[in-house]
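Analysis of the macromolecular model
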Amino acid sequence: MDDFILYVKEGFYHVMNFNVGAYDHVLFFILMAVPFLFNSWKKLLGLSLAFTVGHILSLLLVIYGKVSFNSSYIEFLIVVTIAITALYNIFTAGKRHRDNHNWITMIFALFFGLIHGFGFSSGFKMLAAGAESDLLMLLEFALGLELGQLLIIFVILVLNFIFTGIFRFNKKEWVQIISSIILGMILPLLIVRWIF
């Protein structure tokens with residue numbers, strides 16, 4: 001039971017990491033949730049699960065397939081996934097057609113989860129070194145990931161409700177402003193990681 005709690009907490013804190021340069025999950029899930037309201041919770045749950053599956057698949061490939069990538073490329077690609085999601089939000093905010101492409105966003109969430117998972121591969125190897133079962137530990141870690149992601153989604157849905165429901169902000173502009181702020185935050189990282 002202690003191991004279960006330990007690995008769930010590790011997964012949760014992997015997502016809820018606010019250290020400088022380590023908050024990519026938080027930014028990504030803010031961007032994923034900001035275009036939606038509470039009535040879209042099933043879609044958001046599906047996107048979060050797709051991301052987690054991608055994350056876990058990459059860690060399985062690291063553990064069992066001995067797959068590895070240059071960490072500087074992966075760190076750059078993680079920032080690219082955040083930039084793509086921000087730009088997608090900015091250009092599709094308020095458009096009805098975006099809700100009809102659920103399978104496309106699911107595929108992107110899965111693919112982006114793969115990239116983010118490879119970014120944690122070295123940290124995960126150290127974490128898994130003390131585990132009795134890699135697969136069980138991975139599932140426990142995945143549960144923690146999902147709980148952290150769902151917490152971010154819930155907080156953003158509450159903020160969306162407050163700002164677009166109570167304070168009557170224009171929903172399209174709200175999505176574009178939040179996405180633009182995050183894009184502005186990660187542009188310096190994008191440049192730094194591209195150069196180095």
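To start, this report covers the structure provided alongside it. (Residues numbered from 1 in each chain as written. Predicted model: local features only at pLDDT ≥ 70, side-chain atom pairs only at ≥ 80, totals over all residues. Heavy atoms only, no water.)

A look at the overall build of the protein chain
Within the protein chain one finds 8 helices and 0 strands. Along its sequence from the N terminus, the protein chain presents helices and strands in the succession α-α-α-α-α-α-α-α. Overall, the C-alpha framework of the protein chain stretches about 50 × 40 × 30 Å when taken along its three principal axes. With 196 residues in all, the protein chain has 45% of them scored as buried. Of all intrachain contacts in the protein chain linking residues separated by at least 6 positions in sequence, the fraction that spans at least 24 positions is 85%. (Helix = DSSP H or I, 4+ residues; strand = E, 2+ residues; numbered from the N terminus. Buried < 20%, exposed > 50% of the residue type's maximum accessible area, 1.4 Å probe, protein only. Contact = heavy atoms within 4.5 Å.)

A few points about the side chain of S48
Counting through the fold element by element, S48 comes out in helix α3 (residues 41-63). A distance of 2.9 Å separates polar atoms of two side chains, one belonging to S48 and the other to Q149. Among residues more than four places away in sequence, those in contact with S48 are F29, M32, E146, Q149, L150 and I153. (Polar contact = N/O pair within 3.5 Å; in protein donor to acceptor, adjacent residues only side chain to side chain.)

Comments concerning the pattern of salt bridges
This model, assessed by the stated rule, comprises 1 salt bridge. Measuring nitrogen to oxygen at the nearest pair gives 3.4 Å for the salt bridge that ties R193 to E75. Of this pair, R193 sits in helix α8 (residues 171-195) while E75 is found in helix α4 (residues 71-92), placing the two residues 118 residues apart along the sequence. (Salt bridge = Lys/Arg side-chain N within 4 Å of Asp/Glu carboxyl O.)

Comments concerning the environment of E146
If you trace the backbone, E146 turns up in helix α7 (residues 134-166). For the pair E146 and W41, spaced 105 residues apart in the sequence, the C-alpha separation amounts to 14 Å. If near-sequence neighbours (up to four positions away) are discounted, E146 is found in contact with L45, S48, L49 and T52.

Thoughts on α7
When the terminal C-alpha atoms of α7 are compared, their 47 Å separation across 33 residues agrees well with the 48 Å that a helix rising 1.5 Å per residue should span. Of the residues trailing α7, R168 is marked for its positive phi of about 60 degrees. (Expected span 1.5 Å × (residues − 1).)

A look at unusual backbone geometry
The phi dihedral of K66 falls on the positive side, at around 55 degrees, and the residue is not glycine. With respect to the helices and strands, K66 occurs in the loop between α3 and α4. With a phi close to 60 degrees, R168 is a non-glycine residue in the positive phi region. As for its placement among the helices and strands, R168 is situated in the loop between α7 and α8. Judged by its relative accessible area of 67%, R168 falls in the exposed class.

Notes on α8
With 25 residues, α8 should reach 36 Å at 1.5 Å per residue; the first-to-last C-alpha distance of 36 Å fits that figure. Buried within α8 are the following residues: W174, V175, I178, S179, I182, L183, I186, L190 and R193. Those residues of α8 hidden inside the fold are in contact with α2 (24-33), α4 and α7. The distance from a side-chain oxygen at the start of α8 to the backbone nitrogen of K172 is 2.9 Å, and the residue carrying that oxygen is N170.

With respect to the nonpolar core
A general trend in soluble globular proteins is that nonpolar side chains are found buried together. Within the largest apolar cluster, 56 residues are counted, with the highest numbers of intra-cluster contacts made by L44, I82, F124 and I152. Only α1 (2-15), α2, α3, α4, α5 (102-119), α6 (121-128), α7 and α8 provide two or more residues apiece to this core. It is α7 that contributes the most residues to this core, 9 residues altogether. Look past the residues within four positions of I82 in its chain and what remains in contact with it is D24, L27, F28, L31, I182 and I186. (Core = buried A, V, L, I, M, F, W, Y, C linked by side-chain atoms within 4.5 Å.)

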